[in-house]
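# Architecture at a glance
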Amino acid sequence: MKCHYEVLGVKRDASDEDLKRAYRKLALRWHPDKNLDNAEEAAEQFKLIQAAYDVLSDAQERAWYDNHREALLKGGVDGGYQDDSLDLVLYFTVTCYSGYEDDKKGFYAVYRHVFEMIAKEEEESIVNEDFEGFPNFGDSQSDYDTVVHCFYAYWQSFCTQKNFAWKEEYDTRQASNRWEKRAMEKENKKTRDKARKERNELVRELVAFVRKRDKRVQAHRKLLEEQNAEKAKKSEELRRQQKLKQAKLAEQYKEQSWITMSDLERELQQMEAQYEKEFGDGSSEEEEEEKEERKENQEEDKLCEEQDAANLFDELYCPACDKSFKTEKAMKNHEKSKKHREIVALLRQQLEEEEEAFSVSTVDENGWNSEEEPEEPVPRQKLSKKQRRKQRTAGVSFLFFLKPISLCMFSCSELPNQWYLGIISASV
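Note that the coordinates shown come from a computational prediction; the quantities given were computed from them, not determined experimentally.

Rules and cut-offs
- Residues numbered from 1 in each chain as written.
- Predicted model: local features only at pLDDT ≥ 70, side-chain atom pairs only at ≥ 80, totals over all residues.
- Heavy atoms only, no water.
- Helix = DSSP H or I, 4+ residues; strand = E, 2+ residues; numbered from the N terminus.
- Buried < 20%, exposed > 50% of the residue type's maximum accessible area, 1.4 Å probe, protein only.
- Contact = heavy atoms within 4.5 Å.
- Areas by Shrake-Rupley, 256 points an atom, 1.4 Å probe, with all protein chains shown as cover.
- UniProt positions renumbered as here; feature names shortened; annotations may be inferred.
- Axes fitted to C-alpha atoms, helices over the stretch in contact; angles between N-to-C directions.
- Nonpolar A, V, L, I, M, F, W, Y, C, P; charged D, E, K, R; others polar.
- Phe/Tyr/Trp six-rings, centres within 6.5 Å; stacked < 30°, edge-to-face > 60°.
- Lys NZ or Arg CZ within 6 Å of the ring centre and 35° of its normal.

### Re the overall build of the protein chain
- Regarding its fold elements, the protein chain presents 15 helices and 2 strands.
- Looking at the protein chain as a whole, 26% of its 428 residues qualify as buried.
- Restricting the contact set of the protein chain to residue pairs at least 6 apart, pairs at least 24 apart contribute 61%.
- For the protein chain, the computed accessible surface area is about 32,100 Å², with 49% contributed by carbon and sulfur atoms.

Structural data, given as C-alpha cells:
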C-alpha cells in the first residue's frame, strides 16, 4: 500500500487548500479521458488519487489514517502488521562486537549502525518538518564535548515518536454508538501508552549499557578525576603556603611603641602588688558595707511603697458604698453617680433623725424644760419610693464601714464609741 500523502505529493501537515490544489492538478493529469494511449495505467493512478483525496479530505478519516499510517503501510491493522524494526535485545551483550576499533565489527561501528537504524525508524513517524535530526554516535576519535556528550545527553532521555497504533485491540470504525467508540478508544490508548513506555525503557537501557563500556567516556571520567585531584593538590599547597606566610609574619612582628608599657607603669604595678600583699586592699569590708546599705535601702523603699499603697487605698475608698477604686478618675465618676448620691442622702437623713432622738432623750433625763419653744424643724428632704424602700432595707452594714465619725455632731463629745454604735443599731 502506498501512502496517501505520497500519492498526492504533499506533506503530512498540508492544509485542506493544499490537498484540494494537489488533487485537481493530478486528476487533470491522470484522467482516463486525457490518457487514451495509456488508459489502464491512467485509470489505476486516477483511482489511487481519488481514494487518497477521499480519506484526507475528511477530518475524521484523516485523523484515523494518521494514527494508523505505519500499520497500514506494513500490512494493515487486522493483525497482519509486520514489525520489521530492529531487535534491540540482541545488542545487550559483548559478543555482538569485537574490540574497540573502528573496523566493521568493532564497538563503535556496530553501535553506530544500531542507533542509525533507530533514528531512521523514528524519522518515519515524525511530522514536524523542522526536526534537526538525531545526534551521531561517532567513532573512537570523536571529541567528547562536541560529539560524545551531545549523543548521550539526547539518547539518555529518549522518547519515541511512534504511536504503536498496530497494537490496538479494537477497530473504532466498527463501533455501533459513540459510547462504545469512546470505550474502544480508551482501551486502545492504554495499549499504545504501554507499548510506548516499553520502547522508551528499552532504548534507554541500551544507551546505559553502551555508555558504561564506551572507552571515550571512561577516558573522560579519568581525565576529570585527575583534574580534580590536581585542583585539590593545588588548593592544599596554597593553603599550606598561606599558613607558612602567616607564621613568618608572626615571628617578624614587633610590638608598637604606643602599646609597650613604660617602666613607670611597671613600678606602680609592683608597688601596688606589694602594698596589697602587706596591708591588704580592704575591698572585702567595703563590699560588705555596700551590701548592707543596699539592703537597708531596699527595705526602706519597700515600706514606702506599702505605705503609699495603703494611703492610696484609703483615699480611693467610698465608706458609704463600701467600694474601693484603683484610680482617682474612677472615684470621681462614682461620686457623681446617682446611686452614690442616693445612699449619701439616706445616711445623712438617718444620722439627723438619730441626732434629734438623742437630743430629746438627753433633755428629759437632765430635767430640762421640755415646754420651751422648740427650734424650727429642719426641713427634710423628700424621698422617692425607691429611696424609702432602701431606707427600710438598709442595715448596719452601711454604717459599720464608715470611718470614725466625730461625736460632736451629737452635741456630746464624751460619749463612748460603743454607745454610739448601740444607738445606731437600735435605730436601725
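The rest of the description comes next.
### A few points about the UniProt feature "domain: C2H2-type" (unreviewed entry) in the protein chain
- Here, UniProt's "domain: C2H2-type" (unreviewed entry) annotation points to residues 316–340.
- For residues 316–340, helix accounts for 44% and strand for 16%, while the C-alpha atoms at its two ends are 14 Å apart.

### Comments concerning the packing of helix H6 (residues 144–155) against helix H7 (residues 178–213)
- The interhelical angle for the contact between H6 and H7, taken along N-to-C directions, is 145°, at an axis separation of 9 Å. Packed against H6, whose contacting residues are Tyr144, Tyr152 and Trp155, the element H7 presents Val203, Arg204, Val207, Val210 and Arg211 at the interface.
- Tallied by class, the residues present in the contact of H6 with H7 amount to 6 nonpolar, no polar and 2 charged.

### Things to note about the side chain of Arg199
- Inspection of the secondary structure assignment puts Arg199 in helix H7.
- Residue class for Arg199 comes out buried when judged on its relative accessible area of 11%.
- Apart from the residues within four sequence positions on either side, Arg199 is in contact with Leu86, Leu88, Ile118, Glu121, Glu122, Thr160, Lys162 and Phe164.

### Concerning the packing of aromatic side chains
- Applying the stated rule across the entire model yields 20 aromatic pairs.
- Taking the centre distance of 5.1 Å and the plane angle of 55° together, the rings of Phe107 and Tyr111 count as tilted. With Phe107 and Tyr111 both in helix H5 (residues 107–123) and 4 residues apart, this pair spans about one turn of that helix. Each member of the pair, Phe107 as well as Tyr111, carries the same accessibility label: buried.
- The positively charged end of Arg216 is found above the aromatic ring belonging to Phe137, 4.8 Å away from the centroid.

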